[in-house]
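# Chains, contacts and geometry: an overview
As a plain string of letters, each chain reads:
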Amino acid sequence: MGANRTAAFMPYVRLTLLAAILLVLTGGLHSSVAVAGNYEGVASCAGSTCHGRNEGDGKVVRQDELRIWQDRSSQTGAHSRAYAVLTSPRGERIAASLGLGRAESAPACLGCHSTNAPGDSRGGRWLASDGVGCESCHGAASGWISSHYAVPASHASNVAAGLIPLEKPQVRAGVCLDCHFGSDKPGQFVTHSMMAAGHPRVSFELDLFSAMQAHYNLDADYVRRKGRLDSVQLWAVGQAEAIRRSTRLFANPAFGNEGVFPQFYFYDCQSCHRRITDNPNAVRTFETNPGRPIPFGNPPYNDENMIMLSAVASVLAPEQAGRFDAAARNFHAAMGQGRSQSAAAAQTLGAAAAGLSDAIAARNYDGGTAFRVISAIAGKAITPRFTDYTGSAQAVMAIDTLLNAMVRDGRVTVGAAAGIRVQINKAYAAVSAPETYNPKAFRAALANAAGAIEALR
């Protein structure tokens, strides 16, 4: 496997300002995966005959994966910086506000800011200060580290020994969502209290973040060993699995409630965090959303992933799209009825999202799929739902990552993509900050970007 993929891919991968900000503030979090075995530590992977070379010139894998992971000048190094975030002024301030003591030793923080292996499974070279290391994503290595590179080992035999098969979209989404959304494992849930103390809002898009953190080449050898990765599939499954995770946690009273209040982590931040005035002539700063039949004045559930999945379902799984849309509307409506009704509706919505995830993960897609999905995102059925910052941010990230996929697959030239990015940049500008978000300006910019892409079809 050669080292050309990064050099070839980077000219048209736009490491977007929005996604870059999210990764910097969260420290590029991934999860600690509960897999049997011992965690051997980053140093166990760092030999020059393993993954510690300075140049990606390995015959099978790049072998400079540690260099990429540690890159201080790039978002590809965000995972290695995750622990250091805890000792920053911001990290210390958050921990002090919450009474956690030192952030770098607080269980509520270490679940995502380090490979937080249980004490009895830490190998001799494991270090919390390594941050989010190899085994956070690839799994505890004791069962496969000594044999995964040797003949006759195969990817299948490595997986059987405990290696996590991240090439499978649903598996990868589950690993990433543990921290990029939250889980019920210790130290892997960002509460509203944490955000009130200064923790950034958590947001995630699987394909874009995968591209930003990639340390592998998608060449013929990768395809032979693990199969072909499809960006549309990866993106769509990520949206479905985010809803599945969100609704499962919300339906659990240990996470869905905080005292007498609902856990506001699940809700749209900007619906409450707006300018308050007693001026009787004040102009409303929100728009009614046709996809959310909730009582006037109620805070809406954050539906950024629901909007995206509704669009993609109409293209990739139309036979299930109606069921999902109905479940989403019923879930929003249940918010005005009570906790028990909304929890039940959450479970129904989660099941519908799971069905879509399974259907999307099981199918192959042709080269025109990305065009059709982009058209659906910017189509008449979906764009009226872009009334809020979070959903709009997901939409422009989707257009961005799907355009990258079309360039990589040879459907769009690098030059044509550069021209389209003028319009995409305008859409990013419209969501550059929550306090300046303008729904009408965003919808216009998104329509222009989608139209420019459609013209190339």
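Residues numbered from 1 in each chain as written. Predicted model: local features only at pLDDT ≥ 70, side-chain atom pairs only at ≥ 80, totals over all residues. Heavy atoms only, no water.

A tally of helices and strands in the chain yields 22 helices and two strands. On C-alpha atoms alone, the chain measures out to a radius of gyration of 22 Å, which is about the 23 Å that the 2.2 N^0.38 rule sets for 457 residues. Its C-alpha atoms put the chain at 70 × 55 × 40 Å along the principal axes. Considering the chain as a whole, with its 457 residues, one finds that 53% of them fall into the buried category. (Helix = DSSP H or I, 4+ residues; strand = E, 2+ residues; numbered from the N terminus. Rg over C-alpha atoms; globule rule 2.2 N^0.38 Å. Buried < 20%, exposed > 50% of the residue type's maximum accessible area, 1.4 Å probe, protein only.)

In the structure shown here, the tally under the stated rule is 19 salt bridges. The salt bridge partner of Asp 388 is Arg 274, with a shortest N-O separation of 3.7 Å. Highlighted residues: Asp 388 in the loop between α19 (369-377) and α20 (389-408) and Arg 274 in the loop between α15 (269-272) and α16 (304-316), separated in sequence by 114 residues. Under the relative-accessibility criterion, Asp 388 is labelled buried at 8%. Overlapping salt bridges bring together Arg 274, Arg 292, Asp 303 and Asp 388 as one network. (Salt bridge = Lys/Arg side-chain N within 4 Å of Asp/Glu carboxyl O.)

With that out of the way, let us pick up the nonpolar core. Among the nonpolar cores identified, the biggest contains 89 residues, and Phe 266, Leu 309, Phe 324, Phe 331, Ile 377, Phe 386 and Phe 442 are the most heavily contacted of them. The element best represented in this core is helix α13 (residues 231-251), accounting for 11 residues. In this structure Ile 377 touches Trp 235, Met 308, Ala 311, Ile 382, Thr 383, Phe 386, Ala 395, Ala 398, Ile 399, Leu 402 and Leu 446, once residues within four positions along its chain are discounted. Counting residues in hydrophobic clusters, the runner-up holds seven residues, among them Tyr 83, Leu 86, Ala 95 and Ala 103. (Core = buried A, V, L, I, M, F, W, Y, C linked by side-chain atoms within 4.5 Å. Contact = heavy atoms within 4.5 Å.)

In this section: the environment of Ala 106. Summarising the element assignment, Ala 106 is placed in the loop between α5 (89-98) and α6 (107-113). A residue is classified by how much of its surface remains accessible, and Ala 106, at 3% relative accessible area, is buried.

In this structure the tally under the stated criterion is one disulfide. Through a disulfide, Cys 112 is tied to Cys 179; the S-S separation comes to 1.8 Å. Taking the torsion about the S-S bond as the criterion, the Cys 112 to Cys 179 disulfide, at about -95°, is left-handed. Of the two residues, Cys 112 sits in helix α6 while Cys 179 sits in helix α9 (residues 169-180), which places them 67 residues apart along the sequence. Per residue, the accessibility class of Cys 112 equals that of Cys 179, and both read buried. Cys 112 supplies the cysteine sulfur nearest to Cys 109, a cysteine that is in no disulfide, at a spacing of 9.7 Å. Exposure remark for Cys 109: the relative accessible area of 14% places this residue in the buried category. For Cys 272, which is in no disulfide, the shortest distance to another cysteine sulfur is to Cys 269 and amounts to 8.8 Å. (Disulfide = S-S within 2.5 Å.)

This brings us to the packing of α16 against α20. The N-to-C vectors of α16 and α20 enclose an angle of 45°; their axes lie 8 Å apart at closest approach. By the angle class used here, α16 and α20 are oblique. Viewed along their axes, α16 and α20 form a crossing whose handedness is right-handed. Facing α16, whose interface residues are Glu 304, Asn 305, Ile 307 and Met 308, α20 presents Thr 390, Gly 391, Gln 394, Ala 395 and Ala 398. In terms of residue class, the contact of α16 with α20 is made up of four nonpolar, four polar and one charged. (Axes fitted to C-alpha atoms, helices over the stretch in contact; angles between N-to-C directions. Parallel < 35°, antiparallel > 145°, perpendicular 65-115°, else oblique. Left-handed = near helix turned anticlockwise from the far one by under 90°. Nonpolar A, V, L, I, M, F, W, Y, C, P; charged D, E, K, R; others polar.)

All right, on to the layout of surface pockets then. Looking at the second largest pocket, its volume works out to about 840 Å³. Forming the walls of the second largest pocket are 27 residues, and the residues nearest its centre are Ser 271, Arg 274, Phe 286, Phe 296 and Gly 297. For the lining of the second largest pocket, the class distribution of residues is 11 nonpolar, nine polar and seven charged. (1 Å grid on protein atoms, 1.4 Å probe; cavity = no way out; pocket = protein on both sides within 12 Å on 5 of 7 lines; lining within 4 Å. Points joined across faces, edges and corners; volume = space filled by probe spheres on them.)

Across all of its chains, the model carries five cavities of 30 Å³ or more by this definition. As a volume, the largest cavity reaches approximately 230 Å³. In this structure, the largest cavity is lined by 21 residues; those nearest its centre are Phe 181, Val 202, Asn 302, Glu 304 and Asn 305.

Let us look at helix α17 (residues 318-334). If you check α17, its first and last C-alpha atoms are 25 Å apart, about what 17 residues at 1.5 Å a residue would give, namely 24 Å. Turning to α17, its buried residues number three or more, namely Ala 321, Phe 324, Ala 327, Ala 328, Phe 331, His 332 and Ala 334. Take α17 and look down its axis: the buried residues cluster within an arc of 160°, on one side only. Its buried side turned inward, α17 meets α13, α16 and α18 (339-361). (Expected span 1.5 Å × (residues − 1). Arc of directions from axis to C-beta.)

With 13 residues, α16 should cover 18 Å at 1.5 Å per step; its first-to-last C-alpha distance of 18 Å lies within 8% of that length. Most of α16 is tucked away, with 11 of its 13 residues classed as buried. Buried residues of α16: Glu 304, Asn 305, Met 306, Ile 307, Met 308, Leu 309, Ser 310, Ala 311, Val 312, Ala 313 and Leu 316, and no others.

Here we come to the packing of aromatic side chains. Using the criterion set out here, one finds 18 aromatic pairs in the structure. Ring plane angle 15° and centroid distance 6.0 Å describe the contact between Phe 266 and Tyr 301, whose orientation is recorded as stacked. Taken as a pair, Phe 266 in the loop between β2 (261-262) and α15 and Tyr 301 in the loop between α15 and α16 lie far apart in primary sequence, 35 residues in all. Of the two residues, Phe 266 and Tyr 301, both sit in the buried class. Ring centres 6.4 Å apart and planes at 50° place the aromatic pair Tyr 437 and Phe 442 in the tilted group. Summarising the burial analysis for this pair, Tyr 437 and Phe 442 share the class buried. The ring of Phe 250 has Arg 339 sitting right over it, with the charged end atom 4.8 Å from the ring centre. (Phe/Tyr/Trp six-rings, centres within 6.5 Å; stacked < 30°, edge-to-face > 60°. Lys NZ or Arg CZ within 6 Å of the ring centre and 35° of its normal.)

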